[in-house]
Amino acid sequence: MQAQSLKILGLMSGTSLDGLDLALCEFSEQNKMVSFKLLASKTIVYEAVWKERLQNAYDASAEQYFKLHSVYGEFISEKVNDFLKENNQTANYISSHGHTIFHRPQLGFTTQIGCGATIAAKTGIDTVCDFRSLDVALKGQGAPLVPIGDRDLFPESESCLNIGGIANISFNKNGKTSAFDICIANMALNYLIESIGKAYDDGGVLASSGKSNGELLQHLLDLNTQQQSIGREWFEQHFLPILISSSISLNDKLATCVEYMVFHISSILKQEHLNSVLITGGGAYNTFFIERLKANYNGEIHIPSDDVIQFKEAIIFAYLGFLRVNEQINTLNSVTKASRDSIGGAVYLGKK
């Protein structure tokens, strides 16, 4: 079917806990080609109380967890209403990823908090959410979901690398979209830098003044990231204990983590014979990381506009909502390993 032009507000809260990204996009489709305009965007930086709530949700009781699910939905609703009012805009739909707490596809479930029903009720806007559960029910990993957006919205790029809490990549191979998580990224760098009261290592300045430690690097590289779903739980259970146990300086730990990222990412780019890569996410601003990647990878590295760097995932989740409400496939089994492609997402009607 020919999809209609729609304004959709994409919402994304990532594993790095930087904040809630909002991207209002207008999508249109002609001759099976989709185009979009980014009409307005904003990041709501999490205050300490929300960062703590989201970080500690893993240890909550069932009652506390579902209360947080509802309260976080109210928080999102308030920010959405404010955002649309500030920009004098409306939206046909909200498309909300939520914030992942438990992602256990091997056990048959995945959970993202931020109640879609609450968002629809409090905003009066039809809301799409819970994008991952159907794929997990179909024996998939429920991730990654972004590659279909990379393919359709950024077709000029041979590969797309996102450096958020986790580094992940997507590219086309033998006529099919391939994508996967590569390694821990900003999740480690931000954890380290927060110990001195900073949110992030601006430009990688502190990492650049440190020296990569061979022993720590080898211990991190010995961790098996293959065939596993990498998330905050994996980071806290496997990566973090090794990082904490090292007695080297903060700057040396930062430098070592950058080398860990560069090793894994450059290895994948070479292994898949990718000659160019589009880099988005917070890592695109880490000058030291980009310099180290260039030293280890001979292909072309493209850094897009600030809007795309900062809001690409929110833009793509808006697109996943666009596909969902038009009943078009938005989840590819070639990347999730599910039994089939699917149309993921629950829809709550907010209009009276």
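Considering the environment of S266
Logical step 1: Looking at the element boundaries, S266 is found in helix α10 (residues 250-271).
Logical step 2: The exposure class assigned to S266 is buried, which follows from its relative accessible area of 4%.
Logical step 3: Between the C-alpha atom of S266 and that of L293, which follows or precedes it by 27 residues, the distance is 6.7 Å.
Logical step 4: Apart from residues no more than four positions distant in its own chain, S266 is found in contact with L293, N296 and Y297.
Logical step 5: A polar contact is formed between the side chain of S266 and the backbone oxygen of V262, at a distance of 2.6 Å.

Some details on helix α6 (residues 186-194)
Logical step 1: A large share of α6 lies buried, amounting to seven of its nine residues.
Logical step 2: Taken as a whole, α6 has its buried residues at N186, M187, A188, L189, N190, L192 and I193.
Logical step 3: Tucked inside the fold, the buried residues of α6 contact β8 (159-163), β9 (166-173), β10 (176-184), α7 (205-209), α9 (232-245) and α10.

Focus on the pattern of salt bridges
Logical step 1: What the rule picks out here adds up to nine salt bridges.
Logical step 2: For E194, the salt bridge is made with K51, and the minimal N-O distance between the two is 3.1 Å. Of the two residues, E194 is situated in helix α6 and K51 in helix α1 (residues 48-56); the sequence distance between them amounts to 143 residues.
Logical step 3: Relative accessible area serves as the criterion here: at 32%, E194 is assigned to the partly exposed category.
Logical step 4: Of the charged contacts, one joins R151 and D152 as a salt bridge, the two residues approaching to 2.7 Å between their closest N and O atoms.
Logical step 5: The partly exposed category is assigned to R151, whose relative accessible area is 34%.

A few points about the packing of aromatic side chains
Logical step 1: Applying the stated rule across the entire model yields 17 aromatic pairs.
Logical step 2: With a centroid separation of 5.9 Å and 15° between ring planes, the pair formed by Y72 and F75 is classed as stacked. Here Y72 pairs with F75, and both are found in helix α2 (residues 62-86), just three residues apart, close to one helical turn.
Logical step 3: Residue Y72 is classed as buried on the basis of its relative accessible area of 0%.
Logical step 4: We classify F75 as buried; its relative accessible area is 11%.
Logical step 5: On the numbers, 6.2 Å between centres and 20° between planes, the contact of Y319 with F322 is stacked. You can see Y319 and its partner F322 sitting in helix α12 (residues 306-325), three residues apart, about one turn around the helix.

Quick notes on the side chain of N190
Logical step 1: When you line up the elements, N190 lands in helix α6.
Logical step 2: A relative accessible area of 9% places N190 in the buried class.
Logical step 3: Residues contacting N190, with those up to four places away along its chain left out, are S16, D18, A199 and Y200.

Overview of empty space enclosed by the protein
Logical step 1: Counted under the stated rule, the structure contains two cavities of 30 Å³ or more.
Logical step 2: Taken as a whole, the largest cavity encloses approximately 50 Å³ of empty space.
Logical step 3: In terms of lining, the largest cavity is formed by P144, V146, P147, D150, C160, N162, N168, I169, S170, A179 and K312.
Logical step 4: Of all the elements in the fold, those that place two or more residues in the lining of the largest cavity are α5 (147-153), β8 and β9.
Logical step 5: Broken down by element, the residue count for the lining of the largest cavity peaks at three residues, all from β9.
Logical step 6: Its volume calculated, the second largest cavity comes out at about 30 Å³.
Logical step 7: In this structure, the second largest cavity is lined by P144, L145, P147, I148, N330, T331, L332, V335 and T336.

Definitions and limits used
Residues numbered from 1 in each chain as written. Predicted model: local features only at pLDDT ≥ 70, side-chain atom pairs only at ≥ 80, totals over all residues. Heavy atoms only, no water. Helix = DSSP H or I, 4+ residues; strand = E, 2+ residues; numbered from the N terminus. Buried < 20%, exposed > 50% of the residue type's maximum accessible area, 1.4 Å probe, protein only. Contact = heavy atoms within 4.5 Å. Polar contact = N/O pair within 3.5 Å; in protein donor to acceptor, adjacent residues only side chain to side chain. Salt bridge = Lys/Arg side-chain N within 4 Å of Asp/Glu carboxyl O. Phe/Tyr/Trp six-rings, centres within 6.5 Å; stacked < 30°, edge-to-face > 60°. 1 Å grid on protein atoms, 1.4 Å probe; cavity = no way out; pocket = protein on both sides within 12 Å on 5 of 7 lines; lining within 4 Å. Points joined across faces, edges and corners; volume = space filled by probe spheres on them.

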